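Chain and residue survey
Read off the chains here:
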Amino acid sequence: MQRGFFVDLNRCTGCRACVAACRNWKGINLSLRQVYTEADYYLSLACNHCENPECFRVCPQRTYSKRRDGIVLHNSGRCTGCNRCVRSCPFTAPRYNPTTGKIEKCDLCVERIDNGIAPACVEACPVKALQVLELDAEKDFGVKWVPGLAGIQMTRPNIRFNIPGARERHLLL
Amino acid sequence: MDRRNWCRFMEIAAEGGGLTSVARFLGEITELPVILCDLTLRVLAYQLPARSKYNFGDYLPLDLPIQAKSQGEFYLGRLKEPDVNYLMLPIGREPRYGYLFLLEPEKEWEVYQEPLKAAALAAMVEMSRTRISQETERRYRNEFVQDILYNNLPNREAMVNRGWLWGWDLTRPHLLVVMELDDRETGEGSKMLWEQWHQLMRFHLGRQVPQAILADRSEQLIILLPVGLDDLGSNKRKLTNLVNYLQKTTAEHLAGITFSAGVGRFYENVAELYRAYQEAKVALEISRLLCRRDALTFFDELGVLRLIFNLGEQELEDYYEPESVIITTG
């Protein structure tokens, strides 16, 4: 089984409620989720829990692991803050926390997931643009890459998008 | 066909008599040579009449995919060597388990339909039972190997102790190879091809290196090869020979299908295998980017390509454009 985010680019209004919810839940002053403004849509990205995570490969301290449900976890106990993972991740998922001197990364809110609750960002989204799905290689839903996302061939991120169709633009004033 | 014969086939299947009993009973009824094969045409069981002089070896001398004339659910064709006709019925539809062959059928082959159907059903019961236990073992094995390769176990001792339960000696260093078919298609045909390739690799790897560990994930095969510390220098050569042998076997049995492989660096400690796994996948992916087929790529031989693959598209484009202008104007 592989869990991953599904982002509906048709729905996202760029409100950044997901960013704020993540910060609140984690209790840190760092954005583990970012919302990027592209030409026709907003791209909300956190960690993509890749099949071939570069952070995993380059870490000298065996800090990263990947659960059977595909969630890539960071063990801060082993982390020395060397930043190799920060430089290697094409999606800028690991973030250096200057307060602790260690890396922070989206972990799909595992403590919530394990209790059957959606991650904080998913729950906070007012338009239901973010979901966590079980991505099965045999089922094709959404697309794996959209403009604005870094190349996916090497890392094979586990994220899917609903591509934006012809629609009206909604402005948040 | 007599109803009693149908019942007898079902009794053989219910008792767990095995494929050999199914083949034997079908041979008695039809008085013809009977061969049961898996998806790769490896002979699983056969029954030959006393007068018969056939000698097939491990595989039926037939190319995949099978080129035969369809007669409803049956197929009529001809073996290459020996040059005889056959009547074939696939075992199972979805999923398919293998094939059942009758050699030298008479011109009125319809008389063999009922016995073949009954035998195929009994064989399907046997093979599905075996497949269930194989799939269960495969799932648990894959999960344990995944735990090792994705750093899910707390320490080396935990890996070694759990490895002993599988009969694996994880105190020895292991080399890691990741293999993937070159033509990645989708659909039912590709699932069958992948299953055929998996069965082929499992059989031949088990023959060549019985202590090797084979797992699969995301349509890639992962091989962990135990090596000795005293012959480190020859590891690459042995590995190259093994992969070349497997590539040759794949092309022979699967009508020219090829696969490529990536190999991670050597680590003495099994707790570092997670690095070797990612490196092997990177090596494989870079060989794909270079449009190589039937290739074996070592991570530690990639050289500057390892640096380039990490660069972003914009940087690569910025580098490429001025250089291409120099080439065209130079």
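Basis of the calculations
Every chain's residues receive numbers from 1 upward, in the order its sequence appears when written. As a convention, the first chain written is A and the first ligand written is 1, with the rest following in written order. It should be noted that, the model being predicted, local features are given only for residues of pLDDT at least 70 and side-chain atom pairs only at 80 or more, the latter also being counted only at that level, while totals for whole chains, interfaces and linings use all residues. For helices the rule is a DSSP run of H or I covering at least 4 residues; for strands it is a run of E covering at least 2, with both sets numbered from the N terminus onward. With the radius of gyration taken over C-alpha atoms, the globule rule is written as 2.2 Å times the number of residues to the power 0.38. Any residue with 12 or fewer other C-beta atoms within 10 Å of its own C-beta is exposed, any with 20 or more is buried, and the rest are partly exposed; the C-beta atoms used are placed from the backbone. It is the directions from the helix axis to the C-beta atoms that the arc portrays. This entry defines residue contacts through backbone-placed C-beta atoms, with two residues in contact when those atoms are within 7 Å. A pair of strands is labelled paired if DSSP reports no fewer than 2 bridges between them. Fitted lines through C-alpha atoms give the axes, limited to the stretch in contact for helices. The angle between two N-to-C directions lies from 0 to 180 degrees. Each residue is assigned to one of three groups, with Ala, Val, Leu, Ile, Met, Phe, Trp, Tyr, Cys and Pro labelled nonpolar, Asp, Glu, Lys and Arg labelled charged, and all others, Gly among them, labelled polar. The labels follow the angle: roughly parallel below 35 degrees, roughly antiparallel above 145, roughly perpendicular from 65 to 115, and oblique for the rest. What a helix should span is 1.5 Å times the count of its residues minus one. If you view the pair so one helix is near and one far, a crossing is left-handed when the near helix is turned anticlockwise from the far one by less than a right angle, and right-handed when it is turned clockwise. Those domain boundaries reflect an automatic or database domain assignment. Throughout this description, the term nonpolar core refers to a group of buried Ala, Val, Leu, Ile, Met, Phe, Trp, Tyr and Cys residues whose C-beta atoms join them within 7 Å.

**A look at the overall build of chain A**
Assigned secondary structure in chain A consists of 5 helices and 9 strands. What you see in chain A, going N to C, is helices and strands ordered as β-α-β-β-α-β-β-α-β-β-α-α-β-β. In terms of overall size, chain A behaves like a compact globule, its C-alpha atoms giving a radius of gyration of 16 Å where 173 residues would be expected to give roughly 16 Å. Projecting the C-alpha coordinates of chain A onto the three principal axes gives extents of approximately 50 × 40 × 35 Å. Within the span of chain A, comprising 173 residues, buried residues form 35% of the whole.

**Focus on helix α1 (residues 17-26) of chain A**
Residues and elements named next belong to chain A. Within α1, burial applies to Ala17, Cys18, Ala21 and Cys22. Each buried residue of α1 lies within a common arc of 135 degrees when the element is viewed along its axis, so the set occupies one face. Looking at the buried positions of α1, the neighbouring elements they touch are β3 (42-45), α5 (120-124) and β8 (130-134). Of the residues flanking the end of α1, it is Gly27, one or two places downstream, whose phi is positive at about 70 degrees.

**Some thoughts on the sheet that holds strand β11 (residues 296-298) of chain B**
All names here are of chain B. One open sheet holds the 5 strands; their spatial order is β8-β9-β7-β10-β11, and the pairing between them is mixed. Bordering the open sheet on either side are β8 (213-217) and β11, each of which pairs with just one other strand. In this sheet, neighbouring strand axes are inclined to one another by 20 degrees on average, regardless of whether the strands run parallel or antiparallel. Strand direction decides the pairing type here: strand β7 (residues 174-181) and strand β9 (residues 220-226), joined by 6 bridges, are antiparallel. Across the sheet, Val178 pairs through a bridge with Ile222, a residue of β9. Where helix α3 (residues 113-149) meets the sheet, it contacts β8 and β9, and its direction lies at approximately 90 degrees from that of β8.

**Examining the interface of chain B and chain A**
Taken together, the contacts link 16 residues of chain B with 15 residues of chain A. Broken down by secondary-structure element, the contributors of at least two residues to the side of chain B that touches chain A are α3 and α7 (273-289) of chain B. Broken down by element, the side of chain B that touches chain A gets its largest block of residues, 7 residues, from α7 of chain B. Grouping the constituent residues of the side of chain B that touches chain A by class yields 4 nonpolar, 6 polar and 6 charged.

**So, the packing of helix α2 (residues 19-30) of chain B against α3 of chain B**
Residues and elements named next belong to chain B. Between α2 and α3, whose axes approach to 9 Å, the crossing angle comes to 175 degrees. Classified by the angle between their axes, α2 and α3 sit roughly antiparallel to one another. Here Leu19, Val22, Leu26, Ile29 and Thr30 of α2 come into contact with α3, specifically with Pro115, Ala119, Ala122, Ala123 and Glu126. Of the residues contributing to the contact of α2 with α3, the split by class is 8 nonpolar, 1 polar and 1 charged.

**Points about α7 of chain B**
All names here are of chain B. Its 17 residues give α7 an end-to-end C-alpha distance of 24 Å, which sits within 8% of 24 Å, the value for a rise of 1.5 Å per residue. Of all 17 residues that make up α7, 15 are buried, and the element is covered over most of its length. Cys291 lies just past α7 and shows a positive phi near 60 degrees.

**Quick notes on the environment of Gly163 of chain B**
The residue Gly163 of chain B is located in helix α4 (residues 156-165) in this model. In this structure the C-alpha to C-alpha distance between Gly163 of chain B and Val145 of chain B, which are 18 residues apart in sequence, comes to 9.4 Å.

**Digging into the packing of helix α1 (residues 3-15) of chain B against α2 of chain B**
Residue and element names in this part refer to chain B. In contact at an axis separation of 10 Å, α1 and α2 are set at 165 degrees when each is read in the N-to-C sense. Between α1 and α2, the interaxial angle falls into the category roughly antiparallel. Here the hand of the crossing between α1 and α2 comes out right-handed. For the pair formed by α1 and α2, the contact residues are Asn5, Arg8, Phe9 and Ile12 on the first element and Ser21, Val22, Phe25 and Ile29 on the second. Of the residues that constitute the contact of α1 with α2, the class distribution is 5 nonpolar, 2 polar and 1 charged.

**What about the domain arrangement of chain B?**
Residues and elements named next belong to chain B. Each assigned domain of chain B is listed with its residue range as follows: domain 1 (3-127) and domain 2 (154-315). Spacing between the C-alpha centres of domain 1 and domain 2 amounts to 35 Å. At the junction of the two partners, domain 1 supplies 9 residues and domain 2 supplies 9 residues. Per-class residue counts for the side of domain 1 that touches domain 2 are 4 nonpolar, 1 polar and 4 charged.

**A short note on the sheet that holds β8 of chain A**
All names here are of chain A. Pairing is mixed across the open sheet formed by 3 strands, whose spatial order is β8-β1-β9. Looking at which strands have only one partner, the edges of the open sheet turn out to be β8 and β9 (159-162). Strand-to-strand twist in this sheet, taken as the mean axis angle between neighbours without regard to direction, amounts to 30 degrees. Relative to β9, strand β1 (residues 3-8) runs parallel, the two being bridged by 4 bridges. Its bridge partner being in β9, Val7 is matched across the sheet by Phe161.

**Section: unusual backbone geometry**
Note that the residue after Glu94 of chain B, namely Pro95 of chain B, is joined by a cis bond; omega there is 10 degrees. Checked against the element boundaries, Pro95 of chain B lands in the loop between β5 (85-91) and β6 (98-103). Positive phi is not limited to glycine here, since Arg16 of chain A has a value of about 70 degrees. Here Arg16 of chain A lies in the loop between β1 and α1. By C-beta crowding, Arg16 of chain A is classed as partly exposed, having 18 other C-beta atoms within 10 Å.

**Section: the nonpolar core**
Core analysis: the biggest nonpolar cluster contains 80 residues, and Cys121 of chain A together with Leu176, Val177, Val263 and Ala280 of chain B have the highest contact counts within it. Sort the elements by how many residues they give to this core and α7 of chain B lands first, with 9 residues. Counting residues in hydrophobic clusters, the runner-up holds 38 residues, among them Phe9, Leu41, Tyr97 and Ala119 of chain B.

**Focus on the pairing of β3 of chain A**
All names here are of chain A. Where strand β2 (residues 34-37) and β3 come together, 4 bridges link them in antiparallel fashion. Its bridge partner lying in β3, Val35 is registered against Ser44. Counting the residues in the hairpin turn of β2 and β3 gives 4 residues.

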